[in-house]
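Read off the chains here:
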Amino acid sequence: MSDFLNAYSIQTWLESCPQGYLEDTEYGHAPGQKEPELILENPTLRQESIQSTVQLVVGERAALAASSGLINSAPDYPSKRFLATQTLDEARHVEIFTQRLYDLGVKKDELEDVISQYANPHLVKFAEVLLEKVDKGDFLAGVVGQNIVLEGMAFSVFEMMQASNVELNPKFAKTLSGTIADERRHVGFGENRIGSLLQEHPEKKPEIEQMQKDMTYHMLATFADSFRGNAPAMEETRKIAQEAIPDQKHQVWHGTDLGSADPAELENVLADTVLKEFKTRLGRIGLEYQEPAKP
Amino acid sequence: MSVETVEIHAREHDSFLEEVHSFEFWFQSVEGYLAGHPYGVDPSTPIPDLDEEEKATLIATLSTYCVGELAALDGAGGMIGFAPNRQAKIFLATQAVDEARHLEVMLHRLKELGVTDSQREFESRANRNLLAFRKRLLEFVDAKDWEASLLAQNVILESMEFAAFHSHMKTADPRTAQMLSGVLKDERRHMGFGENDLGRHLAQAPHARARLREIKKELDALVLATFEDSQRELGTPASERPEIGRLYLETVARLGFDS
Ligand SMILES: [Fe+2]
Ligand SMILES: [Fe+2]
Ligand SMILES: [Fe+2]
Ligand SMILES: [Fe+2]
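A few points on the structure. Remember, predicted model here, so these are calculated numbers, not experimental data. (Residues numbered from 1 in each chain as written. Chains lettered and ligands numbered in written order. Predicted model: local features only at pLDDT ≥ 70, side-chain atom pairs only at ≥ 80, totals over all residues. Heavy atoms only, no water.)

A short note on the overall build of chain B
Here comes step 1: Each helix and strand in chain B was counted, giving 10 helices and zero strands.
Here comes step 2: When the helices and strands of chain B are read in sequence order from the N terminus, they spell out α-α-α-α-α-α-α-α-α-α.
Here comes step 3: For chain B, the proportion of its 259 residues judged to be buried stands at 56%.
Here comes step 4: Of all intrachain contacts in chain B linking residues separated by at least 6 positions in sequence, the fraction that spans at least 24 positions is 83%.
Here comes step 5: Total accessible area on chain B is roughly 11,600 Å²; 54% of this is exposed by carbon and sulfur atoms.
Here comes step 6: Computing the positive centroid from 29 side-chain charges and the negative centroid from 44, chain B places the two 3 Å apart. (Helix = DSSP H or I, 4+ residues; strand = E, 2+ residues; numbered from the N terminus. Buried < 20%, exposed > 50% of the residue type's maximum accessible area, 1.4 Å probe, protein only. Contact = heavy atoms within 4.5 Å. Areas by Shrake-Rupley, 256 points an atom, 1.4 Å probe, with all protein chains shown as cover. Lys, Arg positive; Asp, Glu negative; His and termini not counted. Charge placed at Lys NZ, Arg CZ, Asp CG, Glu CD.)

Listed below in C-alpha cells is the structure:
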C-alpha cells in the first residue's frame, strides 16, 4: 500500500526542504532582501500588498489547521508522518506571510484586526467548509478538500503571484518560490493516498463531491472579489508600478500577459487554470468534478 | 513594578517567544545535530555486533518507545487546532515533525536489527499501561482541554521519554545511543515549551493547579506501571527498577510539577 509514501519520509523532507531549497534563507527569502521602497512608500501599493497577503495568511492558517487536524484521523503511520511534514510546511507559510505583513508595516498588536478587516468572507467560508470535515475526523473528505482543492488553488495562485512579482519584488517572488515547491509536494500526496482509499469507500463519493462543489464556489467568489471587484485599485497599482519601472519585462502565464491583461482576463486565466487542475486530479482519484453556480 | 514596566516585560517576553517558537529557530536548533546524520546517526558509526538476547531486548525496548512517539505525534498534531496563539501553533508544528522523526529513526533502527514489518511489530507489542496513557492523552486533546493536554503531553509524556532515553543511553550500543541523543535534544525543547507555557498559564489561573495535580496523579500511576512492565519484561533486577521511576518523578518536579 504505502511504498510511494516512502518518498514522503522525514529524512527526505529534511534533505530536500530545510536542508535543500530553504538553506540560507530567512523567512523564505535571501537574508537582507527587503520589500521594494516603491511598495513601502506608496500608500496604494502598500495597501494592495497588505490586502493580498492577508488572503495568503487566511489560506495558510486553514491549511495548518487542516493538515494538523488530520494527523489524528490518518489510518496509518506513513500518512501521519507525511501530514506532520505538511503541518510544519504550512506553519512556515503562516509564519513567512505573517512576517511579510510586519515587513509591510503592520504592527504586531494590529495583526488580528488587520486580518479580520481584509479577510475575504468567501475565503473564510471556503476554509470553514473544509475544517468542518476535519473536525469530524473525516480523513477522506479532509484530504480531498485540503490536498486537492485547497492545495490546487494555492499552487496556481502562488505561481501567478510569483510570475507577477519576479521583476517588481524579488524578495516576495523568492518567498513564493519556496512555498510553490512545498505545495507541489502536498498536491502529490492527496492523489496517491486518496485514490486507493476511495476505492474502498465508494459510498463516501457524493458527500465529498458536494464539499468540492461548495469549496469551489467560495474559491471562485474570492477570485471574483479580488479581480473584477477590485478592478479600479488593480489598474491603479499597475499604473504606478509601470511608471516607476517603465522597462519592466512582461510575464506571460498560461498564455496571458500579466502586465497588460485586464482584471477580468486575469481572473479567467487563474480560474481556468485551477479548475482544469481540479478536473484532472479529481478524475485521477475517481471523482467527478462538480460545477458550482457562477458567482 | 509599574504597569508600564510590566507591559514592557510582557512585550519583550512576547517577542522572545515569537522568536523561539518559530520555524527558523527550530531549524537552527536541529540543523546542528541532524546535518550529515541521516536517520539521526553518523553513517560512519559501525553496526554493532549484538548477540541474539541483546537484539531481542533492544527490539522490545524500541518497540515500546515507538508507541510513546506515536502518541506524541497524534497529541502534538491534535493540539495545534486549539492552541491559544500562533506561536504555540507553530511550535507544536515543529514538535509534530520531531515526533514523526523520532518514530522514523526508531523504525529505521528496528529495520537495521532485522525487523521486517516494524510498524506491525511495535503495534502488536504495545504495553497496556502505555496504551491507557495514550487513550487519556487523546481524550484531553479531543475535549480541546489545553492545560490538561499540555500537562499530559509536554510535561508527563516528555518526562517519561526523557527518563527512559536518558537511562538507556548509558548502556546502549553506539548507533542506538547516537540516535537517542538527537531525540533527547528535541524532547528537551518540548519540555521547555510545556514548562514555560503551563507555568505562565498557572501564574494567571492558580486555581487550575488542583485539577492538574489530580490528573498528574492518575497519569503518574500509568507511567510508573509502564516502566515496571517493561523492566520486568527486560529482566532488570527488582533492586534496579525504581531508578528510572525516580528519574521520571525528579524530571517532572524540576519542571515545577511535584506531587
Ligand atoms: Fe501552504
Ligand atoms: Fe500546502
Ligand atoms: Fe518524541
Ligand atoms: Fe517530544
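Details of the nonpolar core
Here comes step 1: Counting 169 residues, the largest nonpolar core has Val-54, Met-219 and Phe-223 of chain A together with Trp-26, Met-106 and Trp-146 of chain B as the members making the most contacts within it.
Here comes step 2: It is helix H7 (residues 139-165) of chain A that contributes the most residues to this core, 16 residues altogether.
Here comes step 3: Residues contacting Phe-223 of chain A, with those up to four places away along its chain left out, are Met-153, Val-157, Arg-228, Glu-267, Leu-270, Ala-271 and Val-274 of chain A. (Core = buried A, V, L, I, M, F, W, Y, C linked by side-chain atoms within 4.5 Å.)

Concerning the coordination of the iron ion (ligand 3)
Residues and elements named next belong to chain B.
Here comes step 1: Within the protein, Glu-69 (OE), Glu-69 (OE), Glu-99 (OE), His-102 (ND1) and Glu-187 (OE) serve as the donor atoms for the iron ion (ligand 3), at 2.0 to 2.8 Å.
Here comes step 2: In the primary structure, the donors to the iron ion (ligand 3) are separated according to the pattern E-x29-E-x2-H-x84-E.
Here comes step 3: In this structure the iron ion (ligand 4) is found 3.4 Å away from the iron ion (ligand 3), and Glu-99 serves as a bridging donor for the pair. Residue Glu-69 is located in helix H3 (residues 52-80), and its partner His-102 is located in helix H4 (residues 86-112); the two are separated by 33 residues in the primary sequence. His-102 carries the same exposure label as Glu-69, and that label is buried. (Donors = N, O, S within 2.8 Å, 3.2 Å for Na, K, Ca; no water.)

Quick notes on the packing of aromatic side chains
Here comes step 1: One pass over the structure, following the stated rule, counts nine aromatic pairs over all chains.
Here comes step 2: Pairing Phe-97 of chain A with Phe-158 of chain A gives two aromatic rings, centres 5.7 Å apart and planes at 50 degrees, and the pair type is tilted. Placement of the pair is Phe-97 of chain A in helix H4 (residues 77-103) and Phe-158 of chain A in helix H7, with a sequence separation of 61 residues. Note on accessibility: Phe-97 of chain A and Phe-158 of chain A belong to one class, buried.
Here comes step 3: Relative to Phe-27 of chain B, the ring of Trp-26 of chain B lies with its centre 6.3 Å away and its plane at 40 degrees, an arrangement referred to as tilted.
Here comes step 4: Looking at Trp-26 of chain B, the relative accessible area reads 2%, which means it is buried.
Here comes step 5: Connected via pairs of aromatic rings, a cluster forms that spans Trp-13 of chain A together with Phe-23, Trp-26 and Phe-27 of chain B. (Phe/Tyr/Trp six-rings, centres within 6.5 Å; stacked < 30°, edge-to-face > 60°.)

Points about the environment of Tyr-217 of chain A
Residues and elements named next belong to chain A.
Here comes step 1: Secondary-structure assignment places Tyr-217 in helix H9 (residues 205-226).
Here comes step 2: The spacing of Tyr-217 and Leu-40 is 177 residues in sequence and 34 Å in space, taken between C-alpha atoms.
Here comes step 3: Dropping the residues within four chain positions of it, Tyr-217 is found in contact with His-122, Pro-292, Ala-293 and Pro-295.

As for the side chain of Glu-161 of chain B
All names here are of chain B.
Here comes step 1: By secondary structure assignment, the location of Glu-161 is in helix H7 (residues 146-169).
Here comes step 2: Arg-134 provides the closest opposite charge to the buried, unpaired Glu-161, separated from it by 10 Å.
Here comes step 3: If near-sequence neighbours (up to four positions away) are discounted, Glu-161 is found in contact with Gly-68, Glu-69, His-166 and Glu-187. (Salt bridge = Lys/Arg side-chain N within 4 Å of Asp/Glu carboxyl O.)

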